[in-house]
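# Structural description and commentary
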Amino acid sequence: MKHYTHINDLGNLQESVQEAIALKESQTKDKALGEGKTICLLFFNNSLRTRLSTQKAAQNLGMNAIVMNFGSEGWELEFEDGIVMNQNKSEHIKEAAKVIAQYCDIVAIRAFAKLESKEKDYQEAVINGFIKYAGIPVVNMESAIGHPLQALADAITIEEFKTKKNPKIVLSWAPHPKALPHAVANSFVEMMALQEANFVITHPKGYELDAKITKNATIEYNQDKAFKNADFIYVKNWSSFKDYGQVLNTDVNWMITADKMKLTNNAKFMHCLPVRRNVIVSDEVLDSKNSIVIEQANNRTFAAQIVLKRILENSVTSSAVES
Ligand code: SN0
């Protein structure tokens, strides 16, 4: 694997999930693989889990990690070609990416959707700019369209907690005061397409995700119906895709409560975090023994470690071929 921008880059998902679970028993067994190698983590947006777990994963593999909060500390980057840079943007991606690539072996990037223009967000200018100009492996730590590290951690968590071969897994929208990106939901749907499960998406009308991503998924607009006999409830807010970036609905009845969870088959509750208590989910559910959000967050380390390991192994093989 050269870059990790999408869950499909892994190849066989189940193999990666099993390898990640096995890794938990001996986290530093591949320490020699990353010795003398450096990863740069560039954040254009806030982070807690992604930053710490990816850094931890890199350290488990013997790598050095350099972290930069690019959004607040970097020069504002220009991504367009041939532009006269006489406005507020100080540095072009061409120089920035090439310079950064000299300091590290892998670059990992977080650059959320701005939710102002679908066309602009879908260009994925930041991540694609680095792929184009850096010439080193690029890892997606949540881009405009996807969050594949989260999706891999989710797959690991489901594998660990499922009690039957074909569990019912529900992705539910829940209300939020801010307009949030589609990335987490998109990658979850794409990951679920690679799993054996009875998968249902539930959200109010107007919150349909990109039809290209949900093309084979079942959508149920009645949340109560969707929750019936569910084994996992995965909750996430996202803004409208059709009315791009708009908050159309803040109906509190979509919040996940203990009563809603009673409709399920004693389902596990999942959320990528950070989560707004008593807006997305009631305290009662989040604090219940069925909530596995902390275990889910723990799996971010092993998801990142599998991804970095695959990239490091690939670079060892490609340099052996070159020499
Ligand atoms: C991000 C999102 O994509 O929805 C990151 C999730 C991993 N979440 C937020 O921005 C939540 C911010 C908030 O104020 O609740």
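Right, let's walk through the structure included here.

Parameters and conventions
- Residues numbered from 1 in each chain as written.
- Predicted model: local features only at pLDDT ≥ 70, side-chain atom pairs only at ≥ 80, totals over all residues.
- Heavy atoms only, no water.
- Helix = DSSP H or I, 4+ residues; strand = E, 2+ residues; numbered from the N terminus.
- Rg over C-alpha atoms; globule rule 2.2 N^0.38 Å.
- Buried < 20%, exposed > 50% of the residue type's maximum accessible area, 1.4 Å probe, protein only.
- Areas by Shrake-Rupley, 256 points an atom, 1.4 Å probe, with all protein chains shown as cover.
- Lys, Arg positive; Asp, Glu negative; His and termini not counted.
- Charge placed at Lys NZ, Arg CZ, Asp CG, Glu CD.
- Contact = heavy atoms within 4.5 Å.
- Pairing = 2+ DSSP bridges.
- Axes fitted to C-alpha atoms, helices over the stretch in contact; angles between N-to-C directions.
- Salt bridge = Lys/Arg side-chain N within 4 Å of Asp/Glu carboxyl O.
- Near = heavy atom within 4 Å.
- Polar contact = N/O pair within 3.5 Å; in protein donor to acceptor, adjacent residues only side chain to side chain.
- Left-handed = near helix turned anticlockwise from the far one by under 90°.
- Nonpolar A, V, L, I, M, F, W, Y, C, P; charged D, E, K, R; others polar.
- Phe/Tyr/Trp six-rings, centres within 6.5 Å; stacked < 30°, edge-to-face > 60°.
- Lys NZ or Arg CZ within 6 Å of the ring centre and 35° of its normal.

When helices and strands are tallied, the protein shows 13 helices and 11 strands. Relative to the compact-globule value of 20 Å for 323 residues, the protein shows a C-alpha radius of gyration of 20 Å, a close match. Across its three principal directions, the C-alpha atoms of the protein cover 60 × 50 × 35 Å. By residue count, 52% of the 323 residues in the protein fall in the buried class. Summed over all atoms, the accessible surface of the protein reaches about 14800 Å², with 49% contributed by carbon and sulfur. Distance between charge centroids for the protein: 3 Å, based on 37 positive and 38 negative side chains.

Before going further, it helps to examine the environment of Ala-230. Summarising the element assignment, Ala-230 is placed in the loop between helix H10 (223-227) and strand S10 (232-236). On the accessibility criterion, Ala-230 (0% relative accessible area) is buried. Expressed as a C-alpha distance, the spacing of Ala-230 and Leu-263, which sit 33 residues apart in the sequence, is 8.0 Å. Filtering out sequence-adjacent residues up to four positions away, Ala-230 remains in contact with Lys-168, Val-170, Thr-264, Asn-265 and Ala-267.

A few words on the sheet that holds strand S2 (residues 64-68). Strands sit in the order S2-S1-S5-S6 across an open sheet of 4 strands; the sheet is parallel. Looking along the sheet, the strands with just one partner apiece sit at the ends: S2 and strand S6 (138-140). This sheet shows a mean twist of 20° between the axes of neighbouring strands, independent of strand direction. The pairing of strand S1 (residues 38-43) with strand S5 (residues 106-110) spans 5 bridges and is parallel. In the sheet register, Cys-40 faces S5, and the bridge partner there is Val-107.

Considering all chains together, one arrives at 13 salt bridges under this definition. A salt bridge links Glu-159 to Lys-162; its shortest N-O distance comes to 3.2 Å. Residue classification places Lys-162 among the partly exposed residues on the basis of a relative accessible area of 26%. Glu-313 is paired through a salt bridge with Lys-309; the nearest N and O atoms lie 3.1 Å apart. Separated by 4 residues within a single helix, Glu-313 and Lys-309 lie in helix H13 (residues 293-322), roughly one turn from each other. The class for Glu-313 is partly exposed, based on a relative accessible area of 30%. Residue classification places Lys-309 among the buried positions, given a relative accessible area of 8%. One salt-bridge network, in which partners are shared between bridges, spans Glu-19, Lys-309, Arg-310 and Glu-313.

Around the ligand lies a shell formed by Phe-112, Glu-142, His-176, Lys-178, Leu-180, Pro-181, Lys-236, Cys-272, Leu-273 and Arg-276. Glu-142 places a polar side-chain atom, nitrogen or oxygen, 2.7 Å from an oxygen atom of the ligand. Lys-178 is positioned such that a nitrogen or oxygen atom in its side chain is 2.9 Å from an oxygen atom of the ligand. Considering the ligand on its own, with 410 Å² of exposed area, one finds that the protein chains cover 85% of that surface.

Glancing now at the packing of helix H4 (residues 93-103) against helix H6 (residues 125-134). Where H4 meets H6, the closest approach of the two axes is 8 Å, and the angle between their N-to-C directions is 65°. As for the relative orientation of H4 and H6, their crossing is right-handed in sense. From H4, Ile-93, Lys-94, Ala-97, Lys-98, Ile-100 and Ala-101 reach across to H6, where they touch Gly-129, Phe-130, Tyr-133 and Ala-134. Across the contact of H4 with H6, the residue classes break down as 7 nonpolar, 1 polar and 2 charged.

Before going further, it helps to examine the packing of aromatic side chains. Summed over the entire model, instances satisfying the criterion amount to 7 aromatic pairs. Their ring planes at 55° and their centres at 6.0 Å tell us that Tyr-122 and Phe-241 sit as a pair that is tilted. Of this pair, Tyr-122 sits in helix H5 (residues 118-122) while Phe-241 sits in the loop between S10 and helix H11 (258-262), and the two are 119 residues apart along the sequence. Classification of Tyr-122 by relative accessible area gives partly exposed; the value is 29%. Ring-pair connections join several aromatic residues into one group, and the members of that group are Tyr-122, Phe-241 and Tyr-244. Above the ring of Tyr-221, the side-chain terminus of Lys-205 is found at 4.7 Å from the ring centroid.

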